[in-house]
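# A structural walkthrough
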Amino acid sequence: MNRPYTIIVSEVTIDGKLTLKRGVSSKEIMKFMDEEATRYLHQLRAKVDGIMVGAETIRTDNPFLTVRYAEGNNPTRIVPTSKADIPLDSNILEKHAPTIIVTSENAPEEKVKALEEKVEVIKCGANEVDLIKMMDVLYEKGIKKLMVEGGSTLNWNLLRLGLVDEIRLIHMPFIVGGEDTPTLVGGEGFQSLDEILKAKLRAHFLRGSHLITEWEIKYED
Ligand SMILES: NC(=O)c1ccc[n+]([C@@H]2O[C@H](COP(=O)([O-])OP(=O)(O)OC[C@H]3O[C@@H](n4cnc5c(N)ncnc54)[C@H](OP(=O)(O)O)[C@@H]3O)[C@@H](O)[C@H]2O)c1
């Protein structure tokens, strides 16, 4: 199977959280991100063919997912949503950049049709989006390098399926706490030490007041 080279890029607090509370937009904590760190994020966006977020991030944050604080072209925006549940006034449905909605055969036809009037919609999977198949289809469509900007459910599913090559973290110098607050990786979690994913620190440096760490995922050994 072919798949894009895939990099998870995320802002995380000292305690590994992605946002202030479950259901709250991460734009709140991102207000505290320096210009230099913002530029780092947008420079990465300008270097990839595709940028993906989970549907819950679209519903909660309503991001644009475009390149604004760096030179370069907008990547194709890609959102998996098993029931084609994307609000029709979402910013990613506007014409700033190409968008692909990835849904399942089970999605309500009227929702699929409404989205198709605005952007490209592809179906991968019977009841939910088959992420492995999706990656193959995206590769064939020319998405050779993909950046994933969360959230924690999508991150978990991509990581557990062995679909991620790197993680790059922009560390936010504060703590938010909260047991139910989404962390970098959610889902069921690995159940034993044999299963946990190992990573190798490839680089660490500062951008403004933010530590940046870049990790390579090691699926074997
Ligand atoms: N700090 C950061 O860098 C950052 C970045 C992004 C998001 N966030 C925050 O993270 C939170 C959202 O995270 P989240 O974990 O709730 O949701 P998420 O990972 O953004 O989205 C999960 C949703 O994606 C859709 N999906 C479809 N197929 C899937 C599959 N095979 N595997 C996984 N997901 C699939 C499902 O929605 P359907 O029901 O439509 O199928 C699922 O509920 C928000 O609070 C947001 O602010 C933070």
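Provided above is the structure to which this section pertains.
Quick summary incoming for the structure in this document. All figures in this text were calculated on a predicted structure; none of them were measured in a lab. (Residues numbered from 1 in each chain as written. Predicted model: local features only at pLDDT ≥ 70, side-chain atom pairs only at ≥ 80, totals over all residues.)

## Considering the overall build of the protein
Scanning the protein from terminus to terminus reveals 6 helices and 9 strands. In summary, the protein has a C-alpha radius of gyration of 17 Å against a globular reference of 17 Å for 221 residues, a match within 12%. Considered along the principal axes of its C-alpha atoms, the protein spans approximately 45 × 40 × 35 Å. Here the protein holds 221 residues, and the buried ones make up 36% of them. A fraction of 70% describes how many contacts in the protein between residues 6 or more apart in sequence connect residues 24 or more apart. (Helix = DSSP H or I, 4+ residues; strand = E, 2+ residues; numbered from the N terminus. Rg over C-alpha atoms; globule rule 2.2 N^0.38 Å. Buried ≥ 20, exposed ≤ 12 C-beta atoms within 10 Å, placed from the backbone. Contact = placed C-beta atoms within 7 Å.)

## What about the nonpolar core?
Grouped together as the largest cluster of nonpolar side chains are 47 residues, with contacts concentrated most on V79, I101, V102 and M147. Contacts of M147, omitting those with residues within four sequence positions, involve I7, V9, L44, R45, V48 and I51. (Core = buried A, V, L, I, M, F, W, Y, C linked by C-beta atoms within 7 Å.)

## Topic: the pairing of strand β1 (residues 5-13)
With 7 of 9 residues buried, β1 is to be regarded as a mostly interior element. Relative to strand β6 (residues 145-148), β1 runs parallel, the two being bridged by 4 bridges. Of the residues in β6, the one forming a bridge with I7 is M147. Two elements, β1 and strand β7 (residues 166-172), share 7 bridges in a ladder whose sense is parallel. Across the sheet, residue V12 finds its bridge partner in β7, namely H171. (Pairing = 2+ DSSP bridges.)

## Some remarks on the sheet that holds strand β2 (residues 50-52)
On the basis of which strands lie adjacent, the open sheet formed by 9 strands has the order β5-β4-β3-β2-β6-β1-β7-β9-β8 and mixed pairing. Each edge of the open sheet carries a strand with a single partner, namely β5 (120-123) and β8 (198-207). Direction aside, neighbouring strands of the sheet carry axes that sit 25° apart on average. (Axes fitted to C-alpha atoms, helices over the stretch in contact; angles between N-to-C directions.)

## Overview of the site of the ligand
Around the ligand, 31 residues are found, and the nearest of them are G54, E56, G150, G151 and T153. For the shell around the ligand, the secondary-structure elements that each account for two or more residues are β1, α3 (55-61) and α6 (152-160). Of the residues forming the shell around the ligand, the biggest block, 5 residues, is contributed by α3. Looking at the shell around the ligand residue by residue, the classes come out as 9 nonpolar, 15 polar and 7 charged. (Near = placed C-beta within 6 Å. Nonpolar A, V, L, I, M, F, W, Y, C, P; charged D, E, K, R; others polar.)

## Focus on the pairing of β5
Side-chain positions along a regular strand alternate between the two faces of the sheet. Relative to β5, strand β4 (residues 99-103) runs parallel, the two being bridged by 4 bridges. Each bridged residue has a counterpart across the sheet, and for I101 the counterpart in β5 is V121. With helix α4 (residues 109-116) bridging β4 and its parallel neighbour β5, the resulting β-α-β unit is right-handed. (Right-handed = clockwise from strand over helix to strand, strands pointing away.)

## Structural notes on the environment of Y5
With respect to the element layout, Y5 can be found in strand β1. Considered as a pair, Y5 and H210 are 205 residues apart in the sequence and their alpha carbons are 25 Å apart. Residue contacts for Y5: discarding those within four places in its chain leaves K144, K145 and D165.

## Focus: helix α2 (residues 35-47)
The terminal C-alpha atoms of α2 lie 19 Å apart, and with 13 residues this matches the ideal 18 Å at 1.5 Å per residue to within 8%. Among the residues making up α2, those that are buried are A37, Y40, L41, L44 and R45. Take α2 and look down its axis: the buried residues cluster within an arc of 140°, on one side only. The inward-facing, buried residues of α2 contact β1, β2, β6, β7, β8 and β9 (210-218). (Expected span 1.5 Å × (residues − 1). Arc of directions from axis to C-beta.)

## Some points on helix α5 (residues 131-140)
Among all positions of α5, only L131, M134, M135 and L138 are buried. Viewed along the axis of α5, the buried residues span an arc of 100°, placing them on a single side of the element. Residues of α5 that are buried make contact with β2, β3 (76-80), β4, β6 and α6. At the C-terminal side of α5, G142 shows a positive phi close to 100°.

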